[in-house]
Amino acid sequence: MGADVELWDRAGRIAAYGAALALTPYLLIKVSWVVGSVLGLLPVGAGFSETGWVVLNTATIGMAVVGIAVALALVRPWGMRIPGAPLAFCAWVGTGFLVPLLPYAILSSLLGPADDDRASGSDNDPSMPGWEAALVQVGFVGMGLGLTVALPAYLRRRWPSAFAGQVGDSGGGASRVSSRVSSWAPFASAAVGVIWLYWAAGGTAGVARPAERGTSWRLMEGVFGTWALLASAATWAVVHGRPARVPRWAALSVGWLGSGSLFAWSGWKLPFTLYVALANPSDALLPENLAVAAALHMTAVVTGAVMLRSLLHPAGGGRAR
């Protein structure tokens, strides 16, 4: 048993360094985009003013710096001494961004080159060179894979009892108000997930521009819809302790990733949707009705945050420390 723990810790440390290294080229690319656009050496992305482009990529630079810092915190000694709450939040957002996207990366590579998705909501310039696109993809996938191994190893070292037992082990005693607050979020998450899966399957209700739907857009909607349903089921299991024999680590892990996906990706897409609605750029069109998309993303952000709180403070009593 001790050898297994040591092997897992060693794998986690290697994965943490690998994640930080994988995301470094993405950081350097984004810095070059900002500097190049300010100096007039590189073009501004389609659908953006120079100010909007600089602000967008400056934000992604900050996100990349935080991601690299989180990866290093999972392996360096100082990572065990920093406050747990901000580290957990950054790790939750980071894994919410990257790990749920791994199925999309695998499926899109199996399906081959996809058509042009101008309205994907990505921060990537569609005119970027192929080598830059490859480095960005490698950075996302590498960071996602690294966090998948490094984060559980870190949590196991710092909070060894957090995932012990089964979801039915918690005793009762939660207030009815707490139970109600914790219970509506899985239903909201399931509703959002069903709508995204409906769009992925070709549904047109709530879609203003069906011609703008591409393979990548449908695939991403399907992946995020699936994660929303998984988060709903996992959070329900943790909050209500049913089914009782589900391992706590499994329910918490799925709920962590799914709620993080809802919060992170919809938190990223909501400003983009509002920008398209207000600026109405001719070369950045979204398939969805903008009001419907904004409402869904707002619901997903709030729901993701509430589900995380439900996972950390189960209504059945006790706290996941």
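Residues numbered from 1 in each chain as written. Predicted model: local features only at pLDDT ≥ 70, side-chain atom pairs only at ≥ 80, totals over all residues. Heavy atoms only, no water.

Undergrad: Hey, could you go over a nonpolar patch on the surface for me, with residue numbers and the actual values?
TA: Taken together, the side chains of Val31, Val35, Val38, Leu39, Leu41 and Leu42 present a nonpolar region at the surface, about 540 Å² in accessible area. Structurally, leucine 42 can be placed in the loop between helix H1 (2-38) and helix H2 (50-73). (Patch = residues over 30% accessible without salt bridge, like charges linked within 9 Å, V, L, I, M, F, W, Y side chains within 5 Å. Areas by Shrake-Rupley, 256 points an atom, 1.4 Å probe, with all protein chains shown as cover. Salt bridge = Lys/Arg side-chain N within 4 Å of Asp/Glu carboxyl O. Helix = DSSP H or I, 4+ residues; strand = E, 2+ residues; numbered from the N terminus.)

Undergrad: So, the side chain of glutamate 221: which residues are in play, and what are the values?
TA: For glutamate 221, the location among the structural elements is in helix H7 (residues 215-240). No salt bridge is formed by the buried glutamate 221; its nearest oppositely charged neighbour, lysine 269, is found at 4.2 Å. (Buried < 20%, exposed > 50% of the residue type's maximum accessible area, 1.4 Å probe, protein only. Lys, Arg positive; Asp, Glu negative; His and termini not counted.)

Undergrad: Residues and numbers for the packing of aromatic side chains, please.
TA: The full count for this structure, using the stated rule, is 9 aromatic pairs. Judged by centre distance (6.0 Å) and plane angle (75 degrees), the rings of phenylalanine 89 and phenylalanine 263 are edge-to-face. In this pair, phenylalanine 89 sits in helix H3 (residues 84-98) while phenylalanine 263 sits in helix H8 (residues 248-279), placing the two residues 174 residues apart along the sequence. Exposure remark for phenylalanine 263: the relative accessible area of 21% places this residue in the partly exposed category. Between phenylalanine 224 and tryptophan 265, the aromatic rings sit 5.3 Å apart at their centres with planes inclined by 35 degrees, giving tilted as the arrangement. (Phe/Tyr/Trp six-rings, centres within 6.5 Å; stacked < 30°, edge-to-face > 60°.)

Undergrad: Provide a residue-level description of the environment of leucine 56, including the pertinent values.
TA: Of note, leucine 56 is situated in helix H2. Its relative accessible area of 15% is what places leucine 56 among the buried residues. Residues leucine 56 and valine 34 lie 22 residues apart in sequence; the distance between their C-alpha atoms is 9.2 Å.

Undergrad: If you had to explain the side chain of arginine 213 to someone new, which residues and values would you point to?
TA: Mapped onto the fold, arginine 213 is located in the loop between helix H6 (176-200) and H7. Look at arginine 213: it is buried, it has no salt bridge, and the nearest opposite charge is glutamate 288 at 9.1 Å. There is a polar contact of 3.3 Å between the side chain of arginine 213 and the backbone oxygen of glycine 202. (Polar contact = N/O pair within 3.5 Å; in protein donor to acceptor, adjacent residues only side chain to side chain.)

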